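Take a look at the letters that make up each chain.
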Amino acid sequence: MVYLKWAFWLTFWAAVAIFFHYTLPQHDTVRIVNTYEERQDLTDWTRIFWSEPEDQSTSLANRDVQFIQAVRPNGRAIVYRNEDTGWRWPPYFKFDTANLYTEANDAVSTKANPEWYVVKHYGWRNEFLTIFPNAISIKPAPGPDYSPIPWLNIIILTLFFATVWAIWVRWRRFRARRIDPVFDDIEDSWDAAGDAINDRRSRLRRWRDSWRSK
């Protein structure tokens, strides 16, 4: 039971960590090198990694998606998709895909004369599954080493863990007041019943032994 309990809680907190890592905003300092538009198939399970800002998008087999190509300061390439989130999850309420596409085109720079930008995004990049993080906004960065403090993430995670802590403390108090006494009473009743049975068995054994002695 102990192993099952630990396995359950490890699985639960791993799922929570994955959820927050995918959903919360991340910031990359990059050099934008290109933008393009490409038709993407939406027929397999990876559809969950594409936005569905319109009702009809749930029934489409494919659609055109805008992409932003960039290079990190260490020279590694990163590609972002540029899709509206609309009123759906995650709640970024992004409706300015066209504006962001224009800003990205205007921010393109060369390796010889680089211009650095902070791309705010959510999601993951996985070449094997062909999934891309969704760019939310781009802002000029003072340099390639710039790394903004994720204040929103800090606030959300602090509130989340404070809520979990408050629920856990109240649950402990509730269990100590209401649940533990009930189980203690049941345990005492079982102990008392066991003592009574043992006493009766002892009396029966003495009575039987008395007859044997005769």
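Rules used throughout
- Residues numbered from 1 in each chain as written.
- Predicted model: local features only at pLDDT ≥ 70, side-chain atom pairs only at ≥ 80, totals over all residues.
- Heavy atoms only, no water.
- Helix = DSSP H or I, 4+ residues; strand = E, 2+ residues; numbered from the N terminus.
- Buried < 20%, exposed > 50% of the residue type's maximum accessible area, 1.4 Å probe, protein only.
- Contact = heavy atoms within 4.5 Å.
- Patch = residues over 30% accessible without salt bridge, like charges linked within 9 Å, V, L, I, M, F, W, Y side chains within 5 Å.
- Areas by Shrake-Rupley, 256 points an atom, 1.4 Å probe, with all protein chains shown as cover.
- Salt bridge = Lys/Arg side-chain N within 4 Å of Asp/Glu carboxyl O.
- Phe/Tyr/Trp six-rings, centres within 6.5 Å; stacked < 30°, edge-to-face > 60°.
- Polar contact = N/O pair within 3.5 Å; in protein donor to acceptor, adjacent residues only side chain to side chain.
- Core = buried A, V, L, I, M, F, W, Y, C linked by side-chain atoms within 4.5 Å.
- Arc of directions from axis to C-beta.

Student: Even after reading the chapter, I still don't get the overall build of the protein chain, so can you show me in this structure?
Tutor: For the protein chain, the count of helices and strands is three helices and five strands. Starting at the N terminus, the α and β elements of the protein chain follow one another as α-β-β-β-α-β-β-α. Within the span of the protein chain, comprising 214 residues, buried residues form 29% of the whole. Within the protein chain, counting contacts between residues at least 6 apart in sequence, those at least 24 apart form 66% of the total.

Student: Mind showing me how you'd approach a nonpolar patch on the surface here?
Tutor: Taken together, the side chains of Phe8, Trp9, Phe12, Trp13 and Phe161 present a nonpolar region at the surface, about 520 Å² in accessible area. With four residues, the top contributor of residues to the nonpolar patch is helix 1 (residues 2-23). Within the secondary structure, tryptophan 13 sits in helix 1.

Student: What's the story with the packing of aromatic side chains in this structure? I'm lost.
Tutor: Between two aromatic rings, the relevant description is the distance of the centres plus the angle of the planes. Within this structure, the stated rule accounts for 17 aromatic pairs. Considering the side-chain rings of phenylalanine 19 and tryptophan 89, the 5.9 Å spacing of their centres and the 20 degrees angle between planes classify their relative orientation as stacked. Here the residue phenylalanine 19 occupies a position in helix 1, and tryptophan 89 occupies one in the loop between strand 3 (77-82) and helix 2 (97-106), the gap between them amounting to 70 residues. Given the relative accessible area of 38%, phenylalanine 19 is considered partly exposed. Every member of this aromatic cluster is reached through a ring pair, and the members are Phe8, Trp9, Phe12, Trp13, Phe19, Phe20, Trp89, Phe160 and Phe161.

Student: Is there a simple way to think about the side chain of histidine 121 in this case?
Tutor: Here histidine 121 is to be found in strand 4 (residues 117-122). Overall, histidine 121 belongs to the buried group, its relative accessible area being 4%. At 2.9 Å, the side chain of histidine 121 and the side chain of aspartate 28 are in polar contact. Other than its neighbours up to four places away in sequence, histidine 121 contacts Leu24, Pro25, Gln26, Asp28, Tyr80, Pro133, Asn134, Ala135 and Ile136.

Student: Explain the environment of tryptophan 89 to me, please; I cannot follow it from the model alone.
Tutor: Take tryptophan 89: its relative accessible area is 59%, and that puts it in the exposed class. In this structure the C-alpha to C-alpha distance between tryptophan 89 and threonine 23, which are 66 residues apart in sequence, comes to 8.7 Å. Tryptophan 89 has contacts with Phe19 and Thr23, leaving out every residue within four places of it along the chain.

Student: Would you mind going over the nonpolar core with me for this structure?
Tutor: Grouped burial of nonpolar side chains is what soluble globular proteins tend to show. If you look at the biggest cluster of nonpolar residues, it comprises 13 residues, and the most contacted ones within it are Val30, Ile32, Ile68, Tyr80, Val119, Ala135 and Ile138. When contributions to this core are tallied by element, the ones reaching two or more residues are strand 1 (26-41), strand 2 (62-71), strand 3, helix 2, strand 4 and strand 5 (134-140). Among residues more than four places away in sequence, those in contact with isoleucine 68 are Ile32, Asn34, Thr35, Ile78, Val79, Tyr80, Asn82, Ala104 and Ala135.

Student: I would appreciate a short explanation of the side chain of aspartate 28 in the present structure.
Tutor: Secondary-structure assignment places aspartate 28 in strand 1. On the basis of relative accessibility, which here comes to 11%, the residue aspartate 28 falls in the buried class. Setting aside chain neighbours within four positions, we find aspartate 28 in contact with Arg72, Tyr80, Tyr117, Val118, Val119 and His121.

Student: Would you mind showing me how to read the pattern of salt bridges here?
Tutor: Note that side chains of opposite charge can pair when their charged atoms are close. Within the structure shown, the criterion is met by three salt bridges. One salt bridge in this structure joins aspartate 28 and arginine 72, with 3.7 Å as the shortest N-O distance. Here arginine 72 lies in the loop between strand 2 and strand 3 and aspartate 28 lies in strand 1, a separation of 44 residues in the sequence. Its relative accessible area of 28% is what places arginine 72 among the partly exposed residues. Salt-bridge contacts for arginine 81 lead to glutamate 83; the nearest nitrogen and oxygen are separated by 2.6 Å.

Student: Please clarify how helix 2 should be interpreted in this entry.
Tutor: Because an α-helix completes one turn every 3.6 residues, residues spaced three or four positions apart along the sequence face the same direction. Of the positions making up helix 2, those classed as buried are Thr97, Leu100, Tyr101 and Ala104. For helix 2, the buried positions fall inside an angular range of 105 degrees around the axis, keeping them on one side. Facing away from the buried surface of helix 2 by more than 90 degrees, the exposed residues are Ala98, Thr102 and Asp106. Against the buried residues of helix 2 lie strand 1, strand 2, strand 3 and strand 5.

Student: Teacher, can you tell me more about unusual backbone geometry here?
Tutor: Negative phi characterises most residues that are not glycine, and trans characterises most peptide bonds. For the peptide bond that leads from tryptophan 89 to proline 90, omega is -5 degrees, which places it in the cis range. With respect to the helices, strands and loops of the structure, proline 90 is situated in the loop between strand 3 and helix 2. The backbone of phenylalanine 93 sits at a positive phi, close to 50 degrees, despite the residue not being glycine. In this structure, phenylalanine 93 sits in the loop between strand 3 and helix 2. Under the relative-accessibility criterion, phenylalanine 93 is labelled partly exposed at 43%. A positive phi angle, near 55 degrees, is found at threonine 130, a position not held by glycine.

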